[in-house]
Amino acid sequence: MAEQARIEDLHLVHVTKSFGTFTAVDDLSLTVPGGGFFALLGPSGCGKTTTLRMVAGLETPSEGQILLGDRDITTRRPYERSINTVFQSYALFPHLDIFENVAFGLRRQGVKGAEVEQRVNAVLELVELTALARRKPAQLSGGQQQRVAVARALVNRPDVLLLDEPLGALDLKLRRQMQIELKRIQSEVGTTFIHVTHDQEEAMTMADTIAVMNAGLIEQMGAPAEMYDLPRTAFVANFLGQSNLVHGQITGRDGADLLVRVPGGEVRLPANRAADDSGGLIIGVRPEKMRIAYKDEQNVNRVRGEVLDVSFTGVATQYTVETPWDPDRPVTVFELNDEGAPEVKAGDNVELVWEYGFTFGLDGDDDLDAGNELAAEAAEVAEAADAEDE
Amino acid sequence: MPATTHAVRYRPSAWMRTSRWIRSHLIAAYGILALLYLFLPIAVVFLFSFNKPVGRQNSTWNAFSFDAWTHISRDPTIMNALGISLRIALVATFVATILGSLIAFALVRYRFIGRSSTNLIIFLPMATPEVVLGASLLALFLNMGLPLGFTTIAIAHIMFCISFVVVTVKSRLQGMDPRLEEAAADLYANERETFRYVTLPLVAPGIAAAALLSFSLSFDDYIITNFNSGTIVTFPMYVWGAAQRGIPPQVNVIGSIMFFGSLAIVIAAQLVGKARRKA
Ligand SMILES: Nc1ncnc2c1ncn2[C@@H]1O[C@H](COP(=O)(O)OP(=O)(O)OP(=O)(O)O)[C@@H](O)[C@H]1O
Ligand SMILES: [Mg+2]
């Protein structure tokens, strides 16, 4: 598209939204790069929808500003903004057919006859719904309705397209299909997409930039691979994928590396991957970055432990290993099932190793379980199992 | 057919076959009976509109005749009463539908002081016995010095019709997804356009139903009207009065016309709805 060069960034500047005494969004500052696929990721109730609604103009911020490029749009009515929304429930007009649903925005903007026809047909082709143009929304499947909702927003060529968990109601297969579809459409039209989701996998596969939100605040923002490789808070480390975390104490420095004492040993990591250079530090490492040592290796961090459980998942095998780090918090290790995979069974004593450079260091005051819904559930299950054993 | 091959080996007893037949047709039979119960009286009214009664009472069949149909307006008092009832019903429907719809919007869309008491007050006319309503309205009109007649009847009808309009329109509005209006605003429709292109089309069936309901409630009201009519005679009052002396077959004709008229409206509405859904 010709305008692609001019797509503007969206800025949220110190935006706060309170409902009575409850603060749903708290002093949020955020820049969404123009023309990109941006994912807003966070647990239920953290304020994602509220943020989107403020950008759309359906809710007015209690404080702060929203800028599109350098235009302040904070108090503009929704119909005065070149921003369109794909609602979570689609919100298709039940009394209008698909064609008229899609044409709605164009007609309100005063676009006339032949051009409406041509633009609506073009966008229906894009979402592959041309054949269903004269059906009513109630006569479509969930996936088709979802595509109508996207088409209805896209046809207006907005500066920003907001998608509020549009895939939430779909089954897994359709979800994957729609993810690819949306990604394709985004790269075809070049509009800024802001996609809200609480599915971290969905955010990582689709977005150029992810912002992880928690309790009304942005925890961290960046490219998916970057955020996965180097999370900055325990919340992000747990919410975006899985992490093994342990509290440690920084004891010194060796060149560019920090030395950290952890229960039962010492860990070394590049100082630029740590949140701090003295005092307490949370040491983290992703399960797939660890491996079970079967030969002598140099220049790696190590920890010894006893295998509690081995579960085969096809591509990989997951080991649960109890270590001196914290007996109540077993370490998880993913090993690919290729030639190097060791023969290990529950009860074996093993040594786990990983490269220094894969370690990350988080603020020592963070909560190890922040953002870890799975851990919370697992702990409950384990407790119940313990109770049964006794 | 498998049934015949079965029959060779095993023949269900006559009793079993009958009971199976009854069971599979029970709902249809029940439905037919219910419809008969509902429509038999109307059929009798229709039938007796073709009667040529002996004497004053049109209650025993005498001879077939188109007389009443071709001379509907032989008795000017019938036509007069019918005209008054139709005019009152139109006025009451028009005013009650507009006011009631506005109240319904206010109650559903806005939070204001006195909202729940408004809800209660709206409900009262439906819950109060008509005799009480009629009598108290009469007392009110007399105290205000308002002369009884067309105006007082219309005011009374508007009052009780509003309640039904509010209830009908309100339930329609509450059933509407509020996100639809947000979606319209998001798609460049300002407040007026949102109302015109989204809200109104979606609520219209509710408003139309409310109007039809108002019309028939007003048209056939007898008790409240009787209290506040003064010297005016509405159609139900005429029929009631005539029943003492003998109802002319013209009343049956008017009744039949009204029945087939409303039937036509309902069928037309169904057909329009079907055509729209198909389109
Ligand atoms: N109109 C409102 N009045 C009061 N509280 C509200 C209102 N809208 C949202 N909230 C509260 O604000 C918080 C954030 O809500 P929001 O809908 O933005 O969450 P979300 O991140 O979109 O969650 P989900 O993933 O479940 O959709 C919630 O705790 C919610 O209860
Ligand atoms: Mg939400």
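Just so you know, these numbers come straight off a predicted model, no measurement behind them.

(A) Focus on the overall build of chain A. Each helix and strand counted, chain A has 9 helices and 20 strands in total. Along the longest, intermediate and shortest principal axes, the C-alpha atoms of chain A span 75 × 45 × 40 Å. Within chain A, counting contacts between residues at least 6 apart in sequence, those at least 24 apart form 66% of the total. Of the roughly 17,800 Å² of accessible surface on chain A, 48% is carried by carbon and sulfur atoms.

(B) Molecular detail of the sheet that holds strand 5 (residues 71-72) of chain A. All names here are of chain A. If you walk across this open sheet you meet the 4 strands as 2-1-4-5, and the pairing is antiparallel. Each end of this open sheet is capped by a strand with a single partner; those strands are strand 2 (22-32) and strand 5. Bridge analysis of strand 1 (residues 10-19) against strand 4 (residues 63-68) gives 5 bridges, and the strand direction is antiparallel. Across the sheet, residue Val13 finds its bridge partner in strand 4, namely Gln65. Set on the sheet, helix 1 (residues 48-56) makes contact with strand 1, strand 2 and strand 4; between it and strand 1 the angle comes to about 115 degrees.

(C) Fine view of helix 11 (residues 235-245) of chain B. Listing the buried residues of helix 11 of chain B in full gives Phe235(B), Pro236(B), Met237(B), Tyr238(B) and Ala242(B). Gly246(B) lies just past helix 11 of chain B and shows a positive phi near 135 degrees.

(D) Inspection of the interface of chain A and chain B at higher detail. Taken together, the contact between chain A and chain B spans 28 residues of the former and 21 residues of the latter. Across the chain A to chain B interface the summed buried area is about 2,100 Å²; carbon plus sulfur atoms make up 59%. When residues of chain A are sorted by the area they lose upon contact with chain B, Tyr79(A), His95(A) and Arg108(A) head the list and together hold 31% of the total. Along the contact surface separating chain A from chain B lie 2 salt bridges. In this structure, Glu182(B) engages Arg53(A) in a salt bridge whose closest nitrogen and oxygen atoms are separated by 2.8 Å. Taken together, chain A and chain B are joined by 8 residue pairs in polar contact (both at pLDDT 80 or more). Counting only elements with at least two residues in the side of chain A that touches chain B, the list comes to helix 1, strand 6 (83-86) and helix 2 (98-108) of chain A. Tallied by class, the residues present in the side of chain A that touches chain B amount to 12 nonpolar, 9 polar and 7 charged.

(E) How the structure looks around a negative patch on the surface. Residue and element names in this part refer to chain A. A cluster of like negative charges, contributed by Asp276, Asp277, Asp363 and Asp365, occupies part of the molecular surface. If you trace the backbone, Asp277 turns up in the loop between strand 13 (265-270) and strand 14 (280-285). For Asp277, a relative accessible area of 49% gives the class partly exposed.

(F) Up close: the sheet that holds strand 7 (residues 160-164) of chain A. Residues and elements named next belong to chain A. Here we have 6 strands laid out as an open sheet, ordered 6-7-8-3-9-10, and mixed in their pairing. In this open sheet, the two strands that pair with only one neighbour each are strand 6 and strand 10 (217-222). Between one strand axis and the next, the sheet turns through 20 degrees on average, direction left out of account. Direction of pairing for strand 9 (residues 209-214) relative to strand 10: antiparallel, over a ladder of 5 bridges.

(G) Inspection of the environment of Ile283(A) at higher detail. All names here are of chain A. Inspection of the secondary structure assignment puts Ile283 in strand 14. You can call Ile283 buried: its relative accessible area is 0%. Placed 204 residues apart in sequence, Ile283 and Tyr79 show a C-alpha to C-alpha distance of 49 Å. If sequence neighbours within four positions are ignored, Ile283 has contacts with Asn244, Leu245, Val246, Val260, Val262, Val267, Leu269, Thr359 and Phe360.

Procedures and definitions
- Residues numbered from 1 in each chain as written.
- Chains lettered and ligands numbered in written order.
- Predicted model: local features only at pLDDT ≥ 70, side-chain atom pairs only at ≥ 80, totals over all residues.
- Heavy atoms only, no water.
- Helix = DSSP H or I, 4+ residues; strand = E, 2+ residues; numbered from the N terminus.
- Contact = heavy atoms within 4.5 Å.
- Areas by Shrake-Rupley, 256 points an atom, 1.4 Å probe, with all protein chains shown as cover.
- Pairing = 2+ DSSP bridges.
- Axes fitted to C-alpha atoms, helices over the stretch in contact; angles between N-to-C directions.
- Buried < 20%, exposed > 50% of the residue type's maximum accessible area, 1.4 Å probe, protein only.
- Buried area = accessible area lost by both parts, 1.4 Å probe.
- Salt bridge = Lys/Arg side-chain N within 4 Å of Asp/Glu carboxyl O.
- Polar contact = N/O pair within 3.5 Å; in protein donor to acceptor, adjacent residues only side chain to side chain.
- Nonpolar A, V, L, I, M, F, W, Y, C, P; charged D, E, K, R; others polar.
- Patch = residues over 30% accessible without salt bridge, like charges linked within 9 Å, V, L, I, M, F, W, Y side chains within 5 Å.
- Lys, Arg positive; Asp, Glu negative; His and termini not counted.
- Charge placed at Lys NZ, Arg CZ, Asp CG, Glu CD.

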